[in-house]
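Residue-level listing of the chains:
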Amino acid sequence: MNHVILEIADQIATVTINRPKSLNALNSETLSELKECFTELEGRKDVRVVILTGSGGKAFVAGADISEMVNATPAEGRAMSLLAMEAFSKLENMPQVTIAAVNGYALGGGCEIAMACDIRIAAENAVFGQPECGLGILPGFGGTQRLARLIGKGRAKELIFTCDRIDAQEAYRVGLANKVVPADRLMDACWEMAGKILSKGSYAVSVAKSVINAGQDMDLANGLRLEADAFGLAFSTHDKQEGMTAFLEKRPARLTDF
Ligand code: CAA
């Protein structure tokens with residue numbers, strides 16, 4: 001892969017988008033590589049948390065690659081959008097927990113790929129925004145849908161219509177960032193959260209993720225039914241027996257299912 005670096009250690013995969021000269025802008029090649037990378041990761045049993053970040057210290061991802069889009073036809077624009085949507089949906093629905101380590105600009109497609117992650121941890125210098133309407137287009141990698149679901153329709157419309165950029169603290173205030181940390185502590189903060197999640201039942205975490213995701217597209221009654229089914233299924237696992245027995249025996253649990 002030319003523009004994506006994958007490193008795996010201690011059950012944590014770090015995926016780094018690596019086009020620093022273009023502030024990690026997403027061209028079609030990078031999107032295809034991300035799709036390939038997420039396809040590999042979703043099948044790996046030795047990876048339980050995925051951290052996504054950008055290289056170069058200035059940007060997480062500054063958006064889709066404008067130099068590629070400037071001469072694109074409508075069909076090419078649509079194809080690029082569908083490619084990104086396929087890659088980002090894989091990221092959103094993989095069994096592992098995904099954390100975006102937002103280390104600078106997360107604009108347009110950068111904000112959109114961060115929103116496809118389960119959790120966003122922002123460095124103090126992070127900047128979020130959807131500048132597409134200023135370029136005569138609209139968000140095309142999921143922004144109209146995921147931003148409204150994350151921060152509400154009114155705030156999403158304001159950000160998309162005005163193209164305002166917001167800093168990390170404002171992103172935290174509106175619920176776009178889960179937490180804000182000093183830039184030099186960003187990766188440590190992601191690893192700390194990953195460690196906390198790894199200490200829990202991985203099967204339970206993974207099923208909780210998929211029930212939360214599926215429930216977003218259901219009415220409450222069906223979402224609750226799905227939760228009850230998944231809750232019941234968890235009673236068939238080793239982890240449930242071990243977790244509850246360990247509690248009653250006042251000892252740490254050894255949870256191993258994934
Ligand atoms: N696409 C292509 N190249 C980009 C880029 C992008 N999205 N963002 C930055 N770059 C390139 C610049 O062209 C520049 O290249 P050169 O050195 O060859 O001139 C290099 O990265 C550094 O950028 P700047 O000189 O502009 O750096 P800056 O510090 O002055 O500004 C910035 C940083 C505010 C992020 C600015 O680069 C910028 O506004 N970038 C574009 C942001 C944007 O509009 N993103 C949305 C794209 S559309 C989209 O994403 C659609 C969608 O929904 C999928």
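Above this note sits the structure.
Residues numbered from 1 in each chain as written. Predicted model: local features only at pLDDT ≥ 70, side-chain atom pairs only at ≥ 80, totals over all residues. Heavy atoms only, no water.

Considering the packing of aromatic side chains
Argument step 1. For the coordinates displayed, the defined rule picks out two aromatic pairs.
Argument step 2. Taking the centre distance of 5.8 Å and the plane angle of 90° together, the rings of phenylalanine 88 and phenylalanine 141 count as edge-to-face. Remark: phenylalanine 141 occurs in the loop between strand 8 (127-129) and helix 5 (143-151) and phenylalanine 88 occurs in helix 3 (residues 74-93); sequence separation between them is 53 residues.
Argument step 3. On the accessibility criterion, phenylalanine 141 (5% relative accessible area) is buried. (Phe/Tyr/Trp six-rings, centres within 6.5 Å; stacked < 30°, edge-to-face > 60°. Helix = DSSP H or I, 4+ residues; strand = E, 2+ residues; numbered from the N terminus. Buried < 20%, exposed > 50% of the residue type's maximum accessible area, 1.4 Å probe, protein only.)

Quick notes on the packing of helix 5 against helix 6 (residues 153-162)
Argument step 1. Remark: helix 5 packs on helix 6, axes separated minimally by 7 Å, with the N-to-C direction vectors making an angle of 135°. The pairing of helix 5 with helix 6 is recorded here as oblique in orientation. Helix 5 and helix 6 meet at a crossing whose hand is right-handed. Mapping the contact onto sequence places Gly143, Thr144, Leu147, Ala148 and Ile151 in helix 5 and Lys153, Arg155, Ala156, Leu159 and Ile160 in helix 6. (Axes fitted to C-alpha atoms, helices over the stretch in contact; angles between N-to-C directions. Parallel < 35°, antiparallel > 145°, perpendicular 65-115°, else oblique. Left-handed = near helix turned anticlockwise from the far one by under 90°. Contact = heavy atoms within 4.5 Å.)

Brief notes about the site of the ligand
Argument step 1. The immediate surroundings of the ligand are formed by 24 residues, with Lys58, Ala64, Gly109, Glu112 and Glu132 found nearest.
Argument step 2. In the model, an oxygen atom of the ligand is placed 2.9 Å from a nitrogen or oxygen of the glycine 109 main chain.
Argument step 3. Here an oxygen atom of the ligand and a backbone polar atom of glycine 140 are 2.9 Å apart.
Argument step 4. Relative to its free-state accessible area of 980 Å², the ligand is covered by the protein chains to the extent of 64%.
Argument step 5. When residues of the shell around the ligand are traced back to their parent elements, those giving at least two are helix 2 (66-69), strand 6 (105-107) and helix 4 (109-115).
Argument step 6. Split into classes, the residues belonging to the shell around the ligand amount to 13 nonpolar, five polar and six charged. (Near = heavy atom within 4 Å. Polar contact = N/O pair within 3.5 Å; in protein donor to acceptor, adjacent residues only side chain to side chain. Areas by Shrake-Rupley, 256 points an atom, 1.4 Å probe, with all protein chains shown as cover. Nonpolar A, V, L, I, M, F, W, Y, C, P; charged D, E, K, R; others polar.)

A short note on the pairing of strand 1 (residues 4-9)
Argument step 1. Relative to strand 2 (residues 12-17), strand 1 is paired through six bridges, and the arrangement is antiparallel. Looking at strand 2, one finds that isoleucine 8 is bridged to alanine 13.
Argument step 2. Adjacent in sequence and paired antiparallel, strand 1 and strand 2 are bridged by two residues, among which aspartate 10 carries a positive phi angle near 50°. (Pairing = 2+ DSSP bridges.)

Details of the pairing of strand 5 (residues 97-102)
Argument step 1. Of all six residues that make up strand 5, six are buried, and the element is covered over most of its length.
Argument step 2. Alternating residues of strand 5 divide into Val97, Ile99 and Ala101 and Thr98, Ala100 and Val102, and every residue in both groups is buried.
Argument step 3. As judged from the four bridges shared by strand 3 (residues 49-54) and strand 5, these two strands associate in the parallel manner. Its bridge partner lying in strand 5, isoleucine 51 is registered against isoleucine 99.
Argument step 4. Two strands pair when backbone bridges link them, and strand 5 and strand 7 (residues 119-123) are joined in this way by four bridges, in the parallel orientation. Bridging from a neighbouring strand, isoleucine 99 pairs with isoleucine 119 of strand 7.

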